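A look at the structure
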Amino acid sequence: MTVKSRRAGQILADASGNEVIGKNDSFQTIETNFPHDQVVWIKKNNKWAFFDLKGTALTPFIFDKMYPANLASYDPSEWGKKDYRWFYKGLTVVEHDTQFAVLNEKMEYAIPWKTYQWISPMSTGGLMIVKQNNKYGLLNHQLKLIQPVVFDTISNYPAKYYFHEQNSPTFWAKKNDKYYILDTLGNWLDSVVYDNITILQANYYLVTKDGNSWRLDRNGVKVVENFTIIRDDEDYCIAQKDSRVGLVEWSGEIVLSFEYEDINCEHLGNFFVKKDGKWGVVNEDNQQLIPCQYDYIAYAWDNHDNNPERNYIVVQNDKFGKVSTAQEIDSLGNIKVTMKEIFPCIYDGITTWVEYGPEGHYVMLDGKMGLIDYKGNIQIPIQYKKVSHLFETDWAIIFDKGKMRLYNIRSNSFVLPLAYDYIFVDRDYSIIETGQKGFNKHKPTRIITYRNGLVNILNKKGNVIQSNVPKDEIKRRFRIDIDAYQYTDCSYALSLMKHNSTYLIPDCLIDILKKHNVPATYVYYNMTQDN
């Protein structure tokens, strides 16, 4: 059988090309090769139904979603040779108006509607997670409860927020702030109640009981090692031994010795390390690239995979700067890595990059904002209240003294003076011009300005081409409601903090948090996992 598409929808054809399903009525989607070898799933008007291969409807079009309940493949060599059973029951989890049920191969309701709030597809070992009254339990392959519906959470996927498409050989469950590990048949694996379980990468658990922590593999077997795993980071584990921190691979092989106060990975291969209260950078050979002399250090986004040098934002004495690791080759061909200062720690705040904008950083100095390039050269003078780069253009809006002006970053010149209550730049998205280093930018075509109650349309050079335009015409042509526009420093600052990775938390956010009795301080990037 083959699914074919035509203008009206999809049809199912046999080996000779004859239309079997959809001959008189094409469908949105036809799905084959699911648990039922002699059944296909068909979608029409956003609802699903079952058909046999002769084109006969087995169910009405009532299902919003359908999930096959067959099992994912299981490789014993990957998880360890444990007892494993392959169950194939031809079951399907169906959903209708946020209700769940299970159909068998005969299209009978093996689990009727409203029995459970939620039912997962079948996972490794033939188990299905069910939810009722906001509690979770486990069904076995015979659809019998193997674990009662009393748990706050049950999952066997490494990510805490996934429940579907599970294929790990053990489950973890939580009840009354205690944690349990269950095997593929739903049995309590090691008869231990844990105080906490953290799901690590590479299919490991980090478990804690009575103040002690250790690592378990995904079969629930304790990993014997003479250090304690603290957390995972990139492709490694941060581990502790005798109050010092080191870096280990999942195999347990030590990468960085236990000599640091903390370690964080940066995704291009080097490591942030903390010693004597200061941060620096080392490589995988534990060779010092940047000395441990900074209060904080973070990856700068102008790094590239093919560039051997690495750039970092650094903080020293509450000021921000930028450094780089430079490679030098001596007369014998030996590579020596040294630190090079790109610009000193002089700024009160900085962003790691400008999203979809020029290659540079927003910076703050003495309460004023500007823009510098990656080498520290000033692109927009640091003398304005706020600066906002316009998405995928060479232009920026400058806010100061309650007014707005338009600035051309490429030519370092003003397009419009600081005199407007509102500026909008209209762009032709069908026209692409090349910006800095090949960056594609949408070409600006018109500028809409508003001041003293008047709306004008300007060309890209700033010359008026239509004056005193009615607001309803602007709303109709450009979908801009001038009266609804309200410029606030806080909304702009929050947007900047969210989208451009700023290190400078705006004062307005601190005031908001204080009003809600939330402790708030002037915060830097503090090199914790939560960031």
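For every chain, the first residue of its written sequence is number 1, and the numbers climb from 1 along that sequence. Local features in this predicted model are restricted to residues whose pLDDT is 70 or higher, and side-chain atom pairs enter the listing and the counts only when it is 80 or higher, whereas totals over whole chains, interfaces and linings include all residues. Hydrogen atoms and water are omitted, and side-chain values are computed over all heavy atoms in the structure.

On to the environment of Leu143. Examined against the element boundaries, Leu143 turns out to sit in the loop between strand 13 (135-139) and strand 14 (145-151). Distance from Leu143 to Met128, taken between C-alpha atoms, is 8.0 Å for residues 15 residues apart in sequence. Whether two residues are in contact is decided by their heavy atoms, any of which lying within 4.5 Å being enough. For Leu143, the residues in contact, after removing those within four places along its chain, are Leu91, Val102, Ala110, Ile111 and Met128. Strands are runs of DSSP state E lasting at least two residues, helices are runs of H or I lasting at least four, and both sets are numbered from the N terminus onward.

Once that is clear, we can look at the pairing of strand 35 (residues 360-365). Every regular strand shows the same layout, with side chains that alternate between the two sheet faces. Only protein chains enter the calculation, and the probe is 1.4 Å; a residue is then buried if its accessible area is under 20% of its type maximum, exposed if over 50%, and partly exposed in between. Counting buried positions over the 6 residues of strand 35 gives 5, a clear majority of the element. Strand pairing is assigned whenever DSSP detects at least two bridges linking the two strands. Pairing of strand 34 (residues 349-350) with strand 35 involves 2 bridges; the strand directions are antiparallel. Residue pairing across strands places Ile350 opposite Val363, the latter belonging to strand 35. Summarising the sheet, strand 35 and strand 36 (residues 368-373) pair through 6 bridges and their orientation is antiparallel. Paired with His361 across the strands is Ile372, a residue of strand 36. The hairpin formed by strand 35 and strand 36 contains 2 residues between the paired strands, and Asp366 there has a positive phi angle of roughly 55°.

In this section: the nonpolar core. Each nonpolar core is a collection of buried residues, namely Ala, Val, Leu, Ile, Met, Phe, Trp, Tyr and Cys, held together in the definition by side-chain atoms within 4.5 Å. In terms of nonpolar packing, the biggest core is built from 23 residues, with Ile119 and Ile154 touching the most fellow members. If you list the elements that add at least two residues to this core, you get strand 9 (99-103), strand 11 (118-119), strand 12 (128-132), strand 13, strand 16 (171-175) and strand 17 (178-182). Once residues within four sequence positions are removed from consideration, Ile119 is found in contact with Val93, Phe100, Ala101, Val102, Ile111, Met128, Ile129 and Val130. In this structure, Phe272, Trp279, Tyr312 and Val323 belong to the second largest nonpolar core, which totals 14 residues.

Attention now goes to the sheet that holds strand 14. Strand order in the open sheet made by the 4 strands is 11-12-13-14, with antiparallel pairing throughout. Unpaired on one side and paired on the other, strand 11 and strand 14 mark the two borders of the sheet. Bridge analysis of strand 12 against strand 13 gives 5 bridges, and the strand direction is antiparallel. The residue of strand 13 that forms the bridge with Lys131 is Tyr136.

With antiparallel pairing, 4 strands are arranged side by side in an open sheet as 26-27-28-29. A strand with exactly one partner marks an edge of an open sheet, and here the two such strands are strand 26 (262-265) and strand 29 (288-294). Each neighbouring strand pair of the sheet contributes to a mean axis angle of 20°, computed without reference to strand direction. Both strand 28 (residues 278-282) and strand 29 contribute to a ladder of 3 bridges, which runs antiparallel. Pairing of Val282 across the sheet is with Gln288, part of strand 29. Axis definition: a line fitted to C-alpha atoms, limited for helices to the stretch in contact. Angles are taken between N-to-C directions and run from 0 to 180 degrees.

Glancing now at unusual backbone geometry. Excluding glycine, residues mostly have negative phi values, and the peptide bonds linking residues are mostly trans. Unlike most non-glycine residues, Asn286 shows phi in positive territory, near 65°. Along the chain, Asn286 falls in the loop between strand 28 and strand 29. Its identity is not glycine, yet Asn412 carries a phi of approximately 50°, on the positive side.

Let us now look at the pattern of salt bridges. Here a salt bridge means any side-chain nitrogen of Lys or Arg lying within 4 Å of a carboxyl oxygen belonging to Asp or Glu. If you walk through the whole model with that rule in mind, you get 15 salt bridges. Residue Arg410 pairs with Asp394 through a salt bridge whose shortest N-O separation is 2.9 Å. Remark: Asp394 occurs in the loop between strand 38 (386-389) and strand 39 (395-400) and Arg410 occurs in the loop between strand 40 (403-408) and strand 41 (413-420); sequence separation between them is 16 residues. Given a relative accessible area of 47%, Arg410 falls into the partly exposed group. Overall, Asp394 belongs to the buried group, its relative accessible area being 9%. Here Arg477 ties to Glu473 by a salt bridge, and the two come within 2.9 Å at their closest N and O atoms. Placement of both Arg477 and Glu473 in helix 2 (residues 471-478) is noted, with a separation of 4 residues, approximately one turn of the helix. Since its relative accessible area comes to 35%, Arg477 is described here as partly exposed. With a relative accessible area of 18%, Glu473 lands in the buried category.

Moving on, we come to the side chain of Asn408. For Asn408, the position within the fold is in strand 40. Within polar-contact distance, the side chain of Asn408 engages the backbone nitrogen of Ser411 at 3.1 Å. With sequence-adjacent residues up to four places away left out, Asn408 is seen in contact with Asp394, Trp395, Ser413 and Val415. Side-chain atoms alone can form a polar contact between residues adjacent in sequence; in general such a contact is a pair of N or O atoms within 3.5 Å, and within protein one must be able to donate a hydrogen while the other accepts it.

Along helix 2, the residues that are buried comprise Glu473, Ile474 and Phe478. Summarising the axial view, the buried residues of helix 2 lie within an arc of 100°, below the 170-degree limit, and thus occupy one face. Facing away from the buried surface of helix 2 by more than 90 degrees, the exposed residues are Asp472 and Arg476. Phi turns positive one or two residues past the end of helix 2, at Arg479, with a value near 60°. Comment: arc refers to directions from the helix axis out to C-beta atoms.

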